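Chain by chain, the residues run as shown.
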Amino acid sequence: MSTSTEEEVGGAVIIAEALVAQGVEYMFGIVGFPVIELGVCAQAVGIKYIGMRNEQAACYAASAVGYLTRRPAVCLVVSGPGMIHALGGMANANENCWPVIVIGGSTDRNQEGCGGFQEFPQVEAARLYSKYAARPDSLSRIPFFIEKAVRTSLYGRPGACYIDIPGDMITATLPRSAVQVYERCPPMPKTLADPSSVSQALALLRQSKCPLVIIGKGSAYGRAENEIREFIAATGLPFLATPMGKGVVSDTSQLCVGAARSKALQEADVILLLGARLNWILHFGLPPRFRSDVKFIQVDLCAEQMGANIRAAVCLLGDIRVVVSQLNMTHRQQDWRFPASAPWWNVLSSRIEQNRQMTEAMTDTSNGPLNYYAVFDELNKHLDENCIIISEGANTMDIGRAMIPNDLPRHRLDAGTFGTMGVGLGYAIAAALLCRDHFPQKRVVCIEGDSAFGFSGMELETVCR
């Protein structure tokens with residue numbers, strides 16, 4: 001008589017299969033006790049694993065994948081110090097609003113409180129740096145926690161999520177039929193702004209003498225470039241972009257006033273914020289960088305962000321792509337355009353020309369030492385069209401942002417909202433992998449300041465490997 005036994009599956013397999021079910025394609029990290037088996041199983045089920053030199057850089061790379069694809073990658077870390085090293089990457093992802101999943105191994109459950117190997121309150125520590133931090137309560141419910149982490153990282157304002165896996169849970173087994181199965185979480189539902197607020201926003205822009213549109217990286221993450229380009233072209237409004245908002249509308253557009261940024265911010269009377277926050281990057285929306293009577297129109301998917309630092313004249317709460325589509329639809333019924341002959345354009349054009357002449361003079365080093373402007377001027381001649389630029393370092397990043405134009409969205413990554421140095425090589429590795437697998441015609445160029453390079457310079461070994 002023959003007998004049959006049900007297949008037993010281990011915790012590492014359950015985790016890896018749950019990640020695949022949620023659409024995870026990439027995993028970055030450093031394997032060691034107790035997550036070695038998980039790294040092996042992840043590769044066995046088709047996840048691309050990239051071994052890094054430091055957990056912080058691994059987390060930077062995983063978060064960059066989340067920004068570029070709108071689907072989180074995983075940062076896999078060992079317990080204790082390994083997990084702690086990843087916290088910087090989690091904080092950076094949270095501040096940038098990029099989805100990422102960090103999975104950390106931890107002390108066996110029967111050793112908790114005994115001074116186990118690398119024992120540390122990891123879930124508690126992760127809560128300060130993430131949207132969601134949890135430890136599965138059983139092997140069978142691991143897929144539940146993985147799905148919730150992925151969904152939480154994507155829904156609302158994107159960010160980091162942490163899953164803690166004790167070592168004994170990775171090696172434990174149970175019958176496959178006992179494992180809960182969760183389908184891939186769908187994209188976040190789209191929400192529309194109040195139609196009356198859309199009309200109010202357009203009325204403010206139409207009445208404005210000195211309007212300005214500021215395009216933030218939220219527009220790039222939200223894939224709103226087509227809608228925003230249509231809106232800018234139809235209204236004729238001057239615009240500028242935040243550092244990673246560059247390329248949503250081409251920097252070479254005649255309506256781009258980035259070269260007159262300070263003047264535009266100081267004298268605009270109505271400003272439309274598209275996926276940009278009034279934080280330190282935009283001087284909190286306060287004088288003396290802005291007029292005291294400026295009116296802000298905020299487009300954001302996070303209600304708590306509305307009115308931050310300064311009361312908005314109009315709040316458009318919703319998905320950036322959908323809300324700009326609403327603006328376009330309503331504008332077509334009104335059919336107005338900001339006149340090219342407006343005095344405001346004369347003010348902006350004059351400052352743009354002044355700054356252009358100053359920049360041109362600084363690129364000429366025939367009578368002086370080499371400087372950043374001259375280097376970038378020469379570098380521009382050798383960059384492929386529409387390559388992805390990764391840049392960090394104070395002067396390297398700031399001057400490079402002005403000197404290297406972007407024509408496409410998500411083609412510039414830098415220190416971001418958190419002003420983090422050391423992100424460059426992690427970001428570059430992530431972008432290069434995506435280009436290799438999905439956009440082989442694209443080139444990734446990483447431009448590093450010497451100090452910034454020092455934070456993660458050993459990742460060059462990862463690049464070569």
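For every chain, the first residue of the written sequence is number 1, and numbering continues from 1 along that sequence. Under the rules for a predicted model, residues below a pLDDT of 70 receive no local features and side-chain atom pairs below 80 are neither given nor counted, while totals for whole chains, interfaces and linings still include all residues. Hydrogens and waters are ignored; side-chain quantities use all the structure's heavy atoms.

1. Brief notes about the overall build of the protein chain
Selection criterion: Secondary structure is summarised from DSSP: a helix means a run of H or I of at least four residues, a strand means a run of E of at least two, and numbering begins at the N terminus for each. With the radius of gyration taken over C-alpha atoms, the globule rule is written as 2.2 Å times the number of residues to the power 0.38. When accessible area is computed with a 1.4 Å probe and restricted to protein chains, residues below 20% of their type maximum are described as buried, those above 50% as exposed, and intermediate ones as partly exposed. In what follows, residue pairs with any heavy atoms lying within 4.5 Å of each other are defined as contacts. Reported accessibility uses the Shrake-Rupley method at a 1.4 Å probe radius. Residues are deemed covered only where the shown protein chains occlude them. By the counting rule applied here, Lys and Arg register as positive and Asp and Glu as negative, while His and the ends of each chain are not counted. By convention, the charge on Lys lies at NZ, on Arg at CZ, on Asp at CG and on Glu at CD.
A count of helices and strands for the protein chain gives 18 helices and 16 strands. Here the C-alpha radius of gyration of the protein chain, 24 Å, is about what a compact globule of 465 residues would show, namely 23 Å. Taken along the three principal axes of its C-alpha coordinates, the protein chain extends 90 × 60 × 40 Å. When the 465 residues of the protein chain are sorted by exposure, 55% land in the buried category. Restricting the contact set of the protein chain to residue pairs at least 6 apart, pairs at least 24 apart contribute 77%. Of the roughly 20000 Å² that the protein chain leaves accessible, carbon and sulfur atoms contribute 54%. Seen as two clouds, the 41 positive and the 45 negative side-chain charges of the protein chain have centres 7 Å apart.

2. Concerning the nonpolar core
Under the convention used in this document: The term nonpolar core refers to a set of buried residues drawn from Ala, Val, Leu, Ile, Met, Phe, Trp, Tyr and Cys, joined through side-chain atoms within 4.5 Å.
Judged by nonpolar contacts, the single largest core of 135 residues is most densely connected at F28, I103, F231, L316 and L413. Leaving out residues up to four positions away in the same chain, L413 has contacts with A64, Y67, L68, W98, M244, I388, I389, I390, S391 and Y427. Core analysis: the next-biggest nonpolar cluster, separate from the first, contains 9 residues, F376, L383, M403 and I447 among them.

3. Brief notes about the packing of aromatic side chains
Each aromatic ring pair is specified by the distance between its two centres and by the angle formed by the two planes. In plain terms, the rule: Stacked, tilted and edge-to-face pairs are distinguished by plane angle, under 30 degrees for stacked and over 60 for edge-to-face with tilted covering the rest, among Phe, Tyr and Trp rings (Trp via its six-membered ring) whose centres lie within 6.5 Å. By the criterion adopted, a ring carries a charge over it if an Arg CZ or a Lys NZ lies within 6 Å of its centre and within 35 degrees of its normal.
A complete count under the given rule lists 9 aromatic pairs for this structure. Consider the rings of W98 and Y427, whose centres lie 5.4 Å apart with planes at 50 degrees: the pair is tilted. Residue W98 is found in the loop between helix 4 (81–96) and strand 5 (100–106), and its partner Y427 is found in helix 16 (residues 424–438); the two are separated by 329 residues along the sequence. Take W98 and Y427: they sit in the same class, and that class is buried. On the basis of an interplanar angle of 90 degrees and a centroid distance of 5.1 Å, the ring pair of F144 and F145 is categorised as edge-to-face. Judged by relative accessible area, F144 falls into the partly exposed class, the value being 22%. A relative accessible area of 8% places F145 in the buried class. Within the aromatic cluster, the residues linked to one another by ring pairs are Y60, Y67, W98, Y221 and Y427. The ring of Y26 has K48 lying over it, and the distance from NZ or CZ to the ring centre is 5.4 Å. Against the face of F144 rests R141, its NZ or CZ located 4.6 Å from the ring centre.

4. So, a nonpolar patch on the surface
The condition that has to hold: Without a salt bridge and with relative accessible area above 30%, a residue can belong to a patch; like charges are then joined within 9 Å and nonpolar side chains (Val, Leu, Ile, Met, Phe, Trp, Tyr) within 5 Å. One side-chain nitrogen of Lys or Arg within 4 Å of one carboxyl oxygen of Asp or Glu is enough to make a salt bridge.
Together, V31, I36 and V40 make up an exposed nonpolar region whose accessible area comes to about 240 Å². Relative to the helices and strands, V40 is located in helix 2 (residues 36–44).

5. Examining the sheet that holds strand 11 (residues 270–274)
We apply this condition: At least two bridges found by DSSP between two strands are what make those strands a pair. Orientation is described by lines fitted to C-alpha atoms, with helices fitted over the stretch in contact, and by angles between N-to-C directions that extend from 0 to 180 degrees.
Strand order in this open sheet of 5 strands is 10-9-11-12-13, and the pairing throughout is parallel. Lying at the two open borders of the sheet, with one neighbouring strand each, are strand 10 (239–241) and strand 13 (314–317). Along the sheet, successive strands turn relative to each other by an average axial angle of 15 degrees, direction set aside. Bridge count between strand 9 (residues 211–215) and strand 10: 3 bridges; the pairing is parallel. Along strand 10, the bridge assignment pairs V213 with F239. Where helix 12 (residues 320–334) meets the sheet, its contacts fall on strand 11, strand 12 (295–300) and strand 13, and the angle it forms with strand 11 comes to roughly 140 degrees.

6. Considerations on helix 8 (residues 195–207)
Along an α-helix, residues three or four positions apart point the same way, because every turn accommodates 3.6 residues. The cut-off we apply is this: Given the number of residues in a helix, its expected span is that number minus one, multiplied by 1.5 Å. For this quantity, the arc is that covered by the directions from the helix axis to the C-beta atoms.
Look at helix 8: 19 Å from first C-alpha to last across 13 residues, which is about the 18 Å you get at 1.5 Å a residue. All of the buried residues along helix 8 are S197, V198, A201, L202, L204 and L205. When helix 8 is viewed along its axis, its buried side chains cluster within an angular range of 155 degrees and face the same direction. Exposed residues pointing more than 90 degrees away from the buried face of helix 8 are listed as P195 and Q207. Next to the buried residues of helix 8 lie strand 9, helix 10 (225–235), strand 11, strand 12, strand 13 and helix 12.

7. A few points about the packing of helix 8 against helix 12
Worth spelling out the cut-off: Each angle receives one of four descriptions, namely roughly parallel if under 35 degrees, roughly antiparallel if over 145, roughly perpendicular if within 65 to 115, and oblique otherwise. Crossing handedness is read from the near helix: turned anticlockwise from the far helix by less than a right angle, it gives a left-handed crossing, and turned clockwise, a right-handed one. By the convention adopted, Pro, Cys, Tyr, Trp, Phe, Met, Ile, Leu, Val and Ala count as nonpolar, Lys, Arg, Asp and Glu as charged, and the other residues, Gly among them, as polar.
Running from N to C, helix 8 and helix 12 cross one another at 60 degrees; their axes reach a closest spacing of 10 Å. One finds that helix 8 runs oblique with respect to helix 12. For the pair helix 8 and helix 12, the sense of crossing is right-handed. Contacts from V198, S199, A201, L202 and R206 of helix 8 reach helix 12 at Q326, L327, T330, H331 and Q334. In terms of residue class, the contact of helix 8 with helix 12 is built from 4 nonpolar, 5 polar and 1 charged.

8. What about the packing of helix 3 (residues 55–69) against helix 16?
Look at helix 3 against helix 16: their axes get within 7 Å of each other, and the N-to-C directions meet at 45 degrees. Put simply, helix 3 runs oblique to helix 16. Of the two elements, helix 3 crosses helix 16, and the hand of that crossing is right-handed. Only G426, Y427, A430, A431 and L434 of helix 16 make contact with helix 3, whose side of the interface consists of A57, Y60, A61, S63, A64, V65, L68 and T69.

9. Topic: the sheet that holds strand 5
Sheet strands pair via backbone hydrogen bonds, and the direction of the pair is either parallel or antiparallel. The strand order across the open sheet formed by 6 strands is 3-2-4-5-7-6, and the pairing between neighbours is parallel. Both outer strands of the open sheet, strand 3 (48–51) and strand 6 (132–134), are each paired with one neighbouring strand and no more. The sheet shows a mean angle of 20 degrees between the axes of neighbouring strands, direction not considered. Alignment of strand 2 (residues 26–29) against strand 4 (residues 74–77), held across 3 bridges, turns out to be parallel. Its bridge partner being in strand 4, F28 is matched across the sheet by C75.

10. A closer look at the side chain of K217
As for its placement among the helices and strands, K217 is situated in helix 9 (residues 217–221). Among buried Asp, Glu, Lys and Arg side chains, K217 stands out as unpaired, with D414 the closest opposite charge at 7.4 Å. Here K217 is in contact with Y67, N96, W98, T242, M244, G245, G275, R277 and T417, once residues within four sequence places are set aside.

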